[in-house]
There are 2 protein chains.
Amino acid sequence: MTQSVLTRADENLNASLERLFDLVRIQSISTDPAYKAECRKAAEWLVAELNSLGFAASVRDTPGHPMVVAHHEGAMPDAPHVLFYGHYDVQPVDPIELWDTAPFEPTIKELNGSKVITGRGTADDKGQLLTFVEACRAYKETVGSLPCRVTILFEGEEESGSPSLKPFLEANAAELKADYALVCDTSMWDRDTPAISAGLRGLVGEEIVITAADRDLHSGYFGGAAANPIHILTKVLAGLHDDQGRVTLDGFYEGVEETPSQIKAAWETLGLTADKFLGEIGLSIPSGEKGRSVLELTWARPTAEVNGIWGGYTGEGFKTVIAAKAFAKISFRLVGQQNPDKIREAFHAYVRAQIPADCSVEFHPHGGSPAIQLPYDSALLNTAKSALSDEWPKPAVIIGMGGSIPIVGDFQKMLGMESLLVGFGLSDDRIHSPNEKYELQSFHKGIRSWVRILDAIATA
Amino acid sequence: MTQSVLTRADENLNASLERLFDLVRIQSISTDPAYKAECRKAAEWLVAELNSLGFAASVRDTPGHPMVVAHHEGAMPDAPHVLFYGHYDVQPVDPIELWDTAPFEPTIKELNGSKVITGRGTADDKGQLLTFVEACRAYKETVGSLPCRVTILFEGEEESGSPSLKPFLEANAAELKADYALVCDTSMWDRDTPAISAGLRGLVGEEIVITAADRDLHSGYFGGAAANPIHILTKVLAGLHDDQGRVTLDGFYEGVEETPSQIKAAWETLGLTADKFLGEIGLSIPSGEKGRSVLELTWARPTAEVNGIWGGYTGEGFKTVIAAKAFAKISFRLVGQQNPDKIREAFHAYVRAQIPADCSVEFHPHGGSPAIQLPYDSALLNTAKSALSDEWPKPAVIIGMGGSIPIVGDFQKMLGMESLLVGFGLSDDRIHSPNEKYELQSFHKGIRSWVRILDAIATA
């Protein structure tokens with residue numbers, strides 16, 4: 001059965017591309033109020049498409065740009081119910097003069113030996129979300145139904161901070177709750193190797209302000225006797241890591257588990273050495289915990305990073321001032337079961353212990369979220385891995401992601417759903433930049449991949 | 001003989017004040033080109049006064065505001081030749097609305113139980129330089145001559161960085177060279193206790209820029225593997241001091257001598273405890289080298305201070321960036337015979353040793369000057385100390401100054417002259433601020449002090 005659906009997807013390709021072009025032509029830039037009507041137009045276009053496929057789809061108003069929600073029953077009543085997530089809004093196009101072809105006039109052209117689809121949103125995320133819709137179309141046109149129950153949620157504010165998403169999930173939790181979420185907004189490992197992101201690091205952000213004297217001081221008059229808050233701050237920050245690159249906060253590694261050796265071995269085979277990974281940014285020596293690969297360091301290990309620091313005189317020339325205050329912004333990336341609240345508390349205690357009795361410190365929290373980790377032995381993960389491996393030249397790899405994708409945390413927290421992150425972008429797709437493109441192969445094999453994954457999930 | 005000169009100074013006081021008022025009325029703000037003619041007028045006024053006293057005085061043009069140079073022979077041919085330095089230019093008066101009386105309309109009024117002379121420049125430095133001129137007048141009017149040979153140098157650019165001073169000293173070295181310089185631009189210890197500044201700390205300024213990656217990075221993608229230049233910088237800066245508050249640079253304390261115990265004992269009697277000194281700025285715990293008084297720390301010990309630090313995201317909110325570069329401005333205050341060049345080299349070597357092989361550091365020097373230290377057993381110092389102690393309610397104290405006074409270094413370096421720093425300002429004179437004042441007692445006893453010091457120097 002799957003083979004006939006795949007064949008149908010192949011036969012549909014030209015028409016699928018026409019539909020993608022239609023969607024890309026809609027200038028749904030969410031962050032610019034001038035494009036408000038275009039955002040609604042994209043939502044309406046999607047609703048019309050989904051209704052024509054037999055979904056019960058509707059435009060759902062929010063205080064910002066509308067959501068699209070669609071439901072379709074599955075052929076097998078015992079199969080899992082999946083929620084598919086994507087976003088129809090796109091980034092602004094400036095600087096427009098750097099585009100080789102107009103951002104909202106998609107074309108297909110040859111680039112470095114591959115056929116690519118050009119235009120804003122082709123990779124992020126219109127091309128990706130349509131891979132799923134077109135997979136559903138191939139099913140419907142071949143067997144008249146979908147293999148499992150499917151709910152679709154398309155957002156129109158992903159590129160502008162998703163202000164309406166949480167309230168919408170909360171208000172519509174019962175309607176949106178499924179067994180798993182499928183999220184299609186990520187990339188492949190390389191053009192031959194599909195990837196599933198099983199881990200997303202969490203984040204704790206903190207701003208600290210250390211105050212010493214009640215005014216800025218002349219370093220000639222007071223230097224040597226008055227506390228310098230920059231000195232205190234540098235001691236505090238320098239002490240965050242030991243000489244093995246480990247974070248020194250009490251209990252910091254509670255909930256951090258070693259990555260299974262077979263996963264580490266699989267990462268080794270990807271061949272991304274420190275030289276390659278760091279060479280692209282002009283570096284060569286991994287800076288974090290000693291004895292771990294760059295992939296492990298960025299995907300599976302927690303960090304403490306100072307993201308900003310300032311205090312005293314920072315202009316041209318020189319001023320012999322001892323500042324009254326010194327400032328820093330610090331973030332912790334979390335993995336496994338690390339508890340954001342406990343880490344914030346440990347950080348506060350660590351800093352407070354180093355503040356002299358006549359100085360003071362203030363803390364300003366900037367968000368906190370735990371890591372997301374699909375168990376490496378999860379059935380969902382392995383079902384999808386095997387389905388993807390059947391489609392692509394090389395087997396799928398289970399990877400981590402160093403950053404956060406808020407929607408995944410929201411699905412986990414608000415709807416109790418794990419997310420499967422599968423996407424077909426490539427690292428050179430130039431998302432958010434001029435000349436965004438999506439590989440024709442990504443679109444075509446992406447559609448075929450969803451056909452295989454839906455089948456595998458339904459029959460697992 | 002001295003007594004009759006002192007009596008003459010007392011009798012002259014009202015007329016002396018009239019002359020000070022005349023000089024204060026001239027709006028010689030050196031930093032504002034609109035007052036260029038007023039600066040010249042002040043120089044010409046001084047030249048006329050000095051010529052009327054029998055000096056050979058002249059206005060000497062520079063590329064900026066003119067100098068005043070005057071010469072007078074001394075009665076005793078074997079007595080030392082002294083150069084007296086002061087400056088006739090003043091600070092701007094903004095914010096003008098905060099002045100209780102007009103800045104260029106001097107008055108005498110009662111303030112906290114003392115008579116004070118109000119107006120811009122009364123303390124800094126017109127009132128101070130006239131104490132010396134009026135002392136000369138008392139001599140001339142009483143005995144017809146001065147006790148020793150006197151050269152006077154008045155500058156008109158002290159409040160705007162003295163750009164013409166070094167070239168002028170260089171071009172006129174033979175004319176200006178004397179046995180000692182007398183500099184009257186400092187303060188008393190308190191209203192009853194005159195002070196001589198015997199030590200001025202030197203300064204080495206450095207800006208460092210640490211570069212890691214060749215661009216700013218996303219801390220999710222690279223965090224944990226890519227070097228963070230802020231981390232490197234904080235380690236470098238935190239390591240500048242050990243846990244005893246001592247500076248860790250190799251050879252940093254070469255040339256630093258312990259302050260003689262009788263000087264330290266004299267400082268103890270001043271009663272400036274850490275609580276008092278630091279309490280004024282909201283602190284209480286001395287932060288520098290352990291086991292030393294705040295006066296020793298600020299007058300007689302070298303320091304390393306971070307005067308500015310910056311890197312990464314420093315705006316509102318949060319950005320999970322790993323910066324490409326991190327910056328700091330650092331200064332070292334020097335004492336005794338510390339060599340600024342060696343300290344700069346030791347700092348460079350210390351920093352370089354901590355920069356990972358794939359990162360780099362740049363240094364930008366910001367000036368360097370050695371400390372100035374009159375030997376505590378210098379005859380000049382002790383002669384002046386004893387003369388001052390005869391005049392004031394309490395004995396004079398030999399103090400240090402934490403900052404630098406460039407003119408003193410220039411006299412030392414370019415003319416090979418030691419400087420005696422004696423001044424009659426008080427710490428609440430509000431120099432550079434609205435409502436500048438000079439105590440009537442400072443003016444009166446200041447004149448009498450110079451009478452005594454000139455006599456003591458001539459007869460020592």
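In this text the structure is predicted, and so the values were computed from the model without any measurement.

Caption draft 1: Representation of the overall build of chain A within the structure. In terms of helices and strands, chain A carries 14 helices and 18 strands. Computed over C-alpha atoms, the radius of gyration of chain A comes to 25 Å, within 12% of the 23 Å expected from 2.2 N^0.38 for 460 residues, which places it in the range of a compact globule. In terms of overall dimensions, chain A has C-alpha extents of about 85 × 50 × 45 Å along its principal axes. A buried classification covers 53% of the 460 residues belonging to chain A. Pairs at least 24 residues apart make up 78% of the contacts formed inside chain A by residues separated by at least 6 positions.

Caption draft 2: How the structure looks around helix α14 (residues 440–459) of chain B. Taking 1.5 Å per residue, 20 residues should reach 28 Å; α14(B) reaches 29 Å between its end C-alpha atoms and fits that length. When you tally the buried positions in α14(B), you get 16 out of 20 residues, the bulk of the element.

Caption draft 3: Summary view of unusual backbone geometry. Residue and element names in this part refer to chain A. Following Asp94, the chain continues to Pro95 via a peptide bond in cis, the omega torsion being -5°. Checked against the element boundaries, Pro95 lands in the loop between β3 (81–87) and β4 (107–111). Between Asp124 and Asp125 the backbone carries a cis peptide bond, its omega angle lying at 15°. Unusually for a residue other than glycine, His432 sits at a positive phi of about 70°. Inspection of the secondary structure puts His432 in the loop between β17 (418–422) and β18 (437–439). Under the C-beta neighbour-count criterion, His432 is labelled partly exposed, with 13 such atoms within 10 Å.

Caption draft 4: Spatial organisation of the nonpolar core. Counting residues in each nonpolar core, the largest one holds 282 residues, and the members touching the most others are Ala226(A) and Ala226(B). Those residues in contact with Ala226(A), other than ones at most four positions away along the chain, are Ala212(A), Ala213(A), Leu217(A), Ile322(A), Leu278(B), Ile281(B), Leu283(B) and Ser287(B).

Caption draft 5: Looking closely at helix α3 (residues 122–143) of chain B. Counting buried positions along α3(B) yields 18 of 22 residues, so the element is predominantly enclosed. A positive backbone phi angle near 80° is found at Gly144(B), which sits one or two residues after α3(B).

Caption draft 6: Molecular detail of the domain arrangement of chain A. All names here are of chain A. Domains assigned within chain A are domain 1 (2–200 + 372–459) and domain 2 (202–256 + 302–369). A separation of 41 Å is found between the C-alpha centroids of domain 1 and domain 2. Across the boundary between the two partners, domain 1 contributes five residues, which contact six residues of domain 2.

Caption draft 7: Representation of the sheet that holds β18(A) within the structure. Residues and elements named next belong to chain A. On the basis of which strands lie adjacent, the open sheet formed by three strands has the order β4-β5-β18 and antiparallel pairing. The open sheet has two free edges, formed respectively by β4 and β18, since each of these has just one partner strand. The mean inter-strand angle of the sheet, taken between neighbouring strand axes irrespective of direction, is 40°. Packing against the sheet, helix α3 (residues 122–143) makes contact with β5 (114–118) and β18, and its axis sits at approximately 45° to β18.

Caption draft 8: A look at the sheet that holds strand β4 (residues 107–111) of chain B. All names here are of chain B. Here three strands make up an open sheet; going across it, the order is β4-β5-β18 and the pairing antiparallel. With partners counted over all chains shown, the strands left at the sheet margins are β4 and β18 (437–439), one partner each. Strand after strand, the sheet turns through a mean of 40° between neighbouring axes, direction not considered. Pairing geometry for β4 and strand β5 (residues 114–118), over five bridges, is antiparallel. Looking at the pairing, Thr107 lines up with Thr118 of β5. Strands β5 and β18 of the sheet are contacted by α3, whose axis makes an angle of about 45° with β18.

Thresholds, definitions, all that
Residues numbered from 1 in each chain as written. Chains lettered and ligands numbered in written order. Predicted model: local features only at pLDDT ≥ 70, side-chain atom pairs only at ≥ 80, totals over all residues. Helix = DSSP H or I, 4+ residues; strand = E, 2+ residues; numbered from the N terminus. Rg over C-alpha atoms; globule rule 2.2 N^0.38 Å. Buried ≥ 20, exposed ≤ 12 C-beta atoms within 10 Å, placed from the backbone. Contact = placed C-beta atoms within 7 Å. Expected span 1.5 Å × (residues − 1). Core = buried A, V, L, I, M, F, W, Y, C linked by C-beta atoms within 7 Å. Domains from an automatic or database assignment. Pairing = 2+ DSSP bridges. Axes fitted to C-alpha atoms, helices over the stretch in contact; angles between N-to-C directions.

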